[in-house]
Amino acid sequence: MEISEKALKEIIAKVVEETIKQKQGEDFNKEMDESGIFKVETSTVKCEPFGDAKGVYLKDIATLEEAPKIGAGIMELDHTSFEWTLTYDEYDYVIDGELEIEIDGRIIKGGKGDIIYIPAGSHIHFQTPSEARYAYFVYPADWQNL
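None of the values given here were measured: they were computed from a predicted structure.

Visitor: Whenever I open this one, a nonpolar patch on the surface confuses me. Can you help?
Guide: On the surface, a nonpolar cluster with roughly 740 Å² of combined accessible area is contributed by Ile-70, Tyr-91, Tyr-93, Ile-115, Tyr-117, Phe-137 and Tyr-139. Residue assignment for the nonpolar patch shows that the elements contributing at least two residues are β7 (89-103), β9 (115-118) and β11 (131-139). Among the structural elements, Tyr-117 can be located in strand β9. Given a relative accessible area of 41%, Tyr-117 falls into the partly exposed group.

Visitor: Can you walk me through the pattern of salt bridges in this structure?
Guide: Where side chains of opposite charge bring their charged atoms close, a pairing between them can arise. Counted under the stated rule, the structure contains six salt bridges. We note a salt bridge from Glu-76 to Arg-133, for which the minimum N-O separation is 2.3 Å. You can see Glu-76 sitting in strand β5 (residues 71-78) and its partner Arg-133 sitting in strand β11, a full 57 residues away along the chain. Under the relative-accessibility criterion, Glu-76 is labelled partly exposed at 24%.

Visitor: Would you mind going over unusual backbone geometry with me for this structure?
Guide: Trans is the common state for peptide bonds, and a negative phi is the common state for residues other than glycine. With an omega dihedral of 0°, the bond running from Tyr-139 to Pro-140 counts as a cis peptide bond. Inspection of the secondary structure puts Pro-140 in the segment after β11. Non-glycine residue His-79 carries a positive phi angle of around 50°. Relative to the helices and strands, His-79 is located in the loop between β5 and β6 (81-85).

Visitor: In this structure, what is going on with the layout of surface pockets? I would like to understand it.
Guide: Vacant regions in the atomic arrangement are exposed by a probe of water-molecule size rolled over the atoms. What the largest pocket holds in volume is close to 450 Å³. Residue lining of the largest pocket: 22 residues in total, with Asp-60, Tyr-136, Val-138, Trp-143 and Gln-144 positioned closest to the centre. Of all the elements in the fold, those that place two or more residues in the lining of the largest pocket are β4 (56-60), β5, β6 and β11. For the lining of the largest pocket, the class distribution of residues is 17 nonpolar, three polar and two charged.

Visitor: Looking at this structure, I do not really get the packing of aromatic side chains. What am I missing?
Guide: The relative placement of two aromatic rings is captured by the distance of their centres and the angle of their planes. Across all of its chains, the model carries eight aromatic pairs by this definition. Each ring, one from Trp-84 and one from Trp-143, has its centre 6.1 Å from the other, and the planes form 75°; the classification is edge-to-face. With a gap of 59 residues between them, Trp-84 in strand β6 and Trp-143 in the segment after β11 connect regions that are remote in the sequence. By relative accessible area, which is 22% here, Trp-84 ends up partly exposed. Taking relative accessible area as the criterion, Trp-143 reaches 23% and is therefore assigned partly exposed.

Cut-off values and rules
- Residues numbered from 1 in each chain as written.
- Predicted model: local features only at pLDDT ≥ 70, side-chain atom pairs only at ≥ 80, totals over all residues.
- Heavy atoms only, no water.
- Patch = residues over 30% accessible without salt bridge, like charges linked within 9 Å, V, L, I, M, F, W, Y side chains within 5 Å.
- Areas by Shrake-Rupley, 256 points an atom, 1.4 Å probe, with all protein chains shown as cover.
- Salt bridge = Lys/Arg side-chain N within 4 Å of Asp/Glu carboxyl O.
- Helix = DSSP H or I, 4+ residues; strand = E, 2+ residues; numbered from the N terminus.
- Buried < 20%, exposed > 50% of the residue type's maximum accessible area, 1.4 Å probe, protein only.
- 1 Å grid on protein atoms, 1.4 Å probe; cavity = no way out; pocket = protein on both sides within 12 Å on 5 of 7 lines; lining within 4 Å.
- Points joined across faces, edges and corners; volume = space filled by probe spheres on them.
- Nonpolar A, V, L, I, M, F, W, Y, C, P; charged D, E, K, R; others polar.
- Phe/Tyr/Trp six-rings, centres within 6.5 Å; stacked < 30°, edge-to-face > 60°.

Function-wise, these values are silent; they only describe arrangement.
Right, dumping it as structure tokens:
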């Protein structure tokens, strides 16, 4: 029995995808293409508690190996506010709820479908009066080692 080149590529891609998932401990749906393109079903991303911050949960959706220049993930806030100073540029796309960014006493509000840009060096409070779920995109991806 002979296996076609297409079938072999599909098998290899699936094995690589499953290996990466196991390695990362991913618990969300991510489709990887051999080209490096991947798709994440954001509705399947289960966020995890973020440090000691109460009501703050997140999950990175790409490793530095997969996307060495731009980081991305999903964050959820639940009736909370937390202070943060960004050492990187960030875009936030609000999936659900209302996200508020407080800076110097002013509040920028984003609702479902809105995009908020936060430049590097900003000292802010991420907050929500209820709940918010949003996708974040950061540059550079390796911001922790700046």
